[in-house]
Amino acid sequence: MFTGIVEELGELVSREELTDAARLVIHGPTVTSDARHGDSIAVNGVCLTVVDVLPGGRFSADVMLETLDRSSLGALEVGGPVNLERAAALNSRLGGHIVQGHVDGTGRVLARTPGQHWEVVRIGLPAALARYVVEKGSITVDGTSLTVSAVGADPGDGSDFFEVSLIPTTLELTTLGRAPVGTPVNLEVDVIAKYVERLLARG
């Protein structure tokens, strides 16, 4: 379980393609400072299990084919930045919201509108996820807990989108500050909404 408060901006150091998976080596001195084999670390919002803690503040993790297909990790290139967060401790403050590290789908950065003290980023999302996204609600984008500032649909093709307003700290310390239009991003909607839907559907 995570909170969506990114601890560190890491980097993909190497990538080994396997038959039905990939082994990633990621540089992240902060998240590896107390990491051990079997620990969970969220990489761009995807919960990965530490295989080995390596010298130089690095760790390796295996990513199965399904995860590669369902998240942006499949397209992540060596040298690319990644948002990193260790699993939440039971005695820590919940600064963001409850994040499982289970990506529901991918979206794409549609537009960026700079402001004086923040930047509004518009992100397209799959129609199947749109019902879980509400204004002032929470959503996780590449592992970052954000508040939805607006929701809508493109007047041309009717595709769904949402907007988030990013403060300077988020722009500086996460991958979202440097993601150009067209960048794919991992999305995890609020798990509470999914549980409520499931309970209501069963009467």
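Please refer to the structure higher up on the page.
Residues numbered from 1 in each chain as written. Predicted model: local features only at pLDDT ≥ 70, side-chain atom pairs only at ≥ 80, totals over all residues. Heavy atoms only, no water.

(A) Representation of the overall build of the protein chain within the structure. Summing up its helical and strand segments, the protein chain has 4 helices and 12 strands in all. Rg of the C-alpha trace for the protein chain: 17 Å, near the compact-globule value of 17 Å for 203 residues, within the 12% margin. Judged by the C-alpha coordinates and their principal axes, the protein chain covers about 50 × 45 × 40 Å. For the protein chain, buried positions account for 42% of its 203 residues. Entry remark: accessible area of the protein chain is about 10600 Å², with carbon and sulfur atoms responsible for 54%. Each charge class in the protein chain was averaged separately, 16 positive and 26 negative side chains, and the resulting centres sit 4 Å apart. (Helix = DSSP H or I, 4+ residues; strand = E, 2+ residues; numbered from the N terminus. Rg over C-alpha atoms; globule rule 2.2 N^0.38 Å. Buried < 20%, exposed > 50% of the residue type's maximum accessible area, 1.4 Å probe, protein only. Areas by Shrake-Rupley, 256 points an atom, 1.4 Å probe, with all protein chains shown as cover. Lys, Arg positive; Asp, Glu negative; His and termini not counted. Charge placed at Lys NZ, Arg CZ, Asp CG, Glu CD.)

(B) Fine view of the sheet that holds strand E6 (residues 81–86). Read around the barrel, 6 strands follow the order E1-E2-E5-E4-E3-E6 and close on themselves; strand pairing throughout is antiparallel. Strand-to-strand, the axes of this sheet are offset by a mean angle of 45°, without reference to chain direction. For strand E2 (residues 21–27) and strand E5 (residues 58–64), the ladder comprises 7 bridges, and the chain directions are antiparallel. Residue pairing across strands places His-27 opposite Arg-58, the latter belonging to E5. (Pairing = 2+ DSSP bridges. Axes fitted to C-alpha atoms, helices over the stretch in contact; angles between N-to-C directions.)

(C) Fine view of the layout of surface pockets. Roughly 360 Å³ of volume is contained in the largest pocket. In this structure, the largest pocket is lined by 16 residues; those nearest its centre are Thr-144, Ser-145, Leu-146, Ile-167 and Thr-170. Within the residue set of the lining of the largest pocket, elements represented by two or more residues are strand E10 (144–153), strand E11 (160–166) and helix H3 (168–173). If you tally residues by element for the lining of the largest pocket, the top one is E10, at 4 residues. Looking at the lining of the largest pocket, its residues break down into 8 nonpolar, 8 polar and no charged. Approximately 310 Å³ is the volume attributed to the second largest pocket. Forming the walls of the second largest pocket are 14 residues, and the residues nearest its centre are Asn-44, Leu-76, Pro-81, Thr-183 and Pro-184. (1 Å grid on protein atoms, 1.4 Å probe; cavity = no way out; pocket = protein on both sides within 12 Å on 5 of 7 lines; lining within 4 Å. Points joined across faces, edges and corners; volume = space filled by probe spheres on them. Nonpolar A, V, L, I, M, F, W, Y, C, P; charged D, E, K, R; others polar.)

(D) Looking closely at the pairing of strand E3 (residues 40–43). Here 4 bridges tie E3 to strand E4 (residues 46–54), and the two strands are oriented antiparallel to one another. Looking at E4, one finds that Val-43 is bridged to Val-46. As judged from the 3 bridges shared by E3 and E6, these two strands associate in the antiparallel manner. If you follow Val-43 over to E6, its bridge partner there is Leu-84.

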